[in-house]
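Each chain, written out:
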Amino acid sequence: MPVDDRRYPKHPLVGVGAILLRRDRILMAERGKEPLKGWWSLPGGALETGESLAEAVRREVLEETGLEIRPLGVLEIFERIMRDTGGRAEYHYVLIDYVCRVTGGTLRAGDDAARVEWVRRADLSQLQITEGTLAVIEKAFRERRKYR
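Counting from 1, residues in each chain are numbered in the order their sequence is written. With the structure being a predicted model, the display of local features is reserved for residues of pLDDT at least 70 and the display and counting of side-chain atom pairs for 80 or more, all residues being used for whole-chain, interface and lining totals. The basis for every side-chain value is the complete set of heavy atoms in the structure, and neither hydrogens nor water enter the calculation.

Caption draft 1: View of the nonpolar core. Take the buried residues of types Ala, Val, Leu, Ile, Met, Phe, Trp, Tyr and Cys, join any two whose side-chain atoms come within 4.5 Å, and each joined set is a nonpolar core. Think of it in three bands: with a 1.4 Å probe and only protein chains considered, a residue is buried below 20% of the maximum accessible area for its type, exposed above 50%, and partly exposed in between. Counting residues in each nonpolar core, the largest one holds 19 residues, and the members touching the most others are I19, I26, M28, L42, L75, L124 and I137. Only strand 2 (25-31), strand 5 (67-83), strand 6 (89-105) and helix 2 (133-143) provide two or more residues apiece to this core. Note on contacts: a residue pair qualifies if any of its non-hydrogen atoms lie within 4.5 Å across the two residues. The residues touching I26, leaving out its near neighbours within four places in the chain, are I19, L20, L21, L42, E117, W118, V119, L124, I137 and F141. Core analysis: the next-biggest nonpolar cluster, separate from the first, contains 13 residues, V61, L67, I69 and W118 among them. By the criteria applied, helices consist of DSSP H or I runs no shorter than four residues and strands consist of E runs no shorter than two, each listed in order from the N terminus.

Quick look at the structure:
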């Protein structure tokens with residue numbers, strides 16, 4: 001079984017997420033791997049050494065969704081700290097969420113995603129969504145005119 005080098009990190013890891021809006025819908029990805037397997041979140045993942053943040057969000061979205069995107073700007077920066085039963089930081093991410101625009105590709109689940117779907121804003125409450133993500137999504141819908 002492979003070692004999860006993201007568990008119990010020595011330092012927080014940087015992650016990127018993509019906010020892709022289409023009218024009253026947002027692109028969501030169901031996580032196919034731990035942590036939070038089965039939960040829904042924004043498409044994205046970890047920054048790789050030597051990679052810019054914009055390159056990372058483009059790569060992660062392509063790998064998870066099959067879509068080519070262009071980042072338009074940073075909407076939110078926050079941290080996600082998940083503690084084990086003993087209180088130790090089992091996972092610690094600094095997450096940078098970008099508003100993005102689709103420029104090409106064909107939607108399909110890949111890489112770490114079990115499913116990817118354009119979800120109606122009104123239906124988001126029916127999904128098991130990772131902590132903090134719904135607030136970021138609502139902010140994106142409120143501020144979407146800034147990124148046209």
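Caption draft 2: Helix 1 (residues 53-65), seen in detail. Helix span, expected: 1.5 Å multiplied by one less than the number of residues in the helix. Along its 13 residues, helix 1 runs 18 Å from first to last C-alpha, staying within 8% of the 18 Å computed at 1.5 Å per residue. Among the residues of helix 1, A56, V57, R59, E60, V61, E64 and T65 are the ones counted as buried. Once helix 1 finishes, G66 follows within two positions and takes phi at roughly 80°, a positive value.

Caption draft 3: Expanded view of the pairing of strand 6. Between any two strands, pairing holds if DSSP finds at least two bridges. Looking at chain direction, strand 1 (residues 13-22) and strand 6 are connected through eight bridges and run parallel. Looking at strand 6, one finds that G15 is bridged to L95. The pairing of strand 5 with strand 6 spans 15 bridges and is classified as antiparallel. Bridging from a neighbouring strand, P71 pairs with C100 of strand 6. Linkage of strand 5 to strand 6, two consecutive antiparallel strands, is achieved through a turn of five residues, within which G87 is found at a positive phi near 95°.

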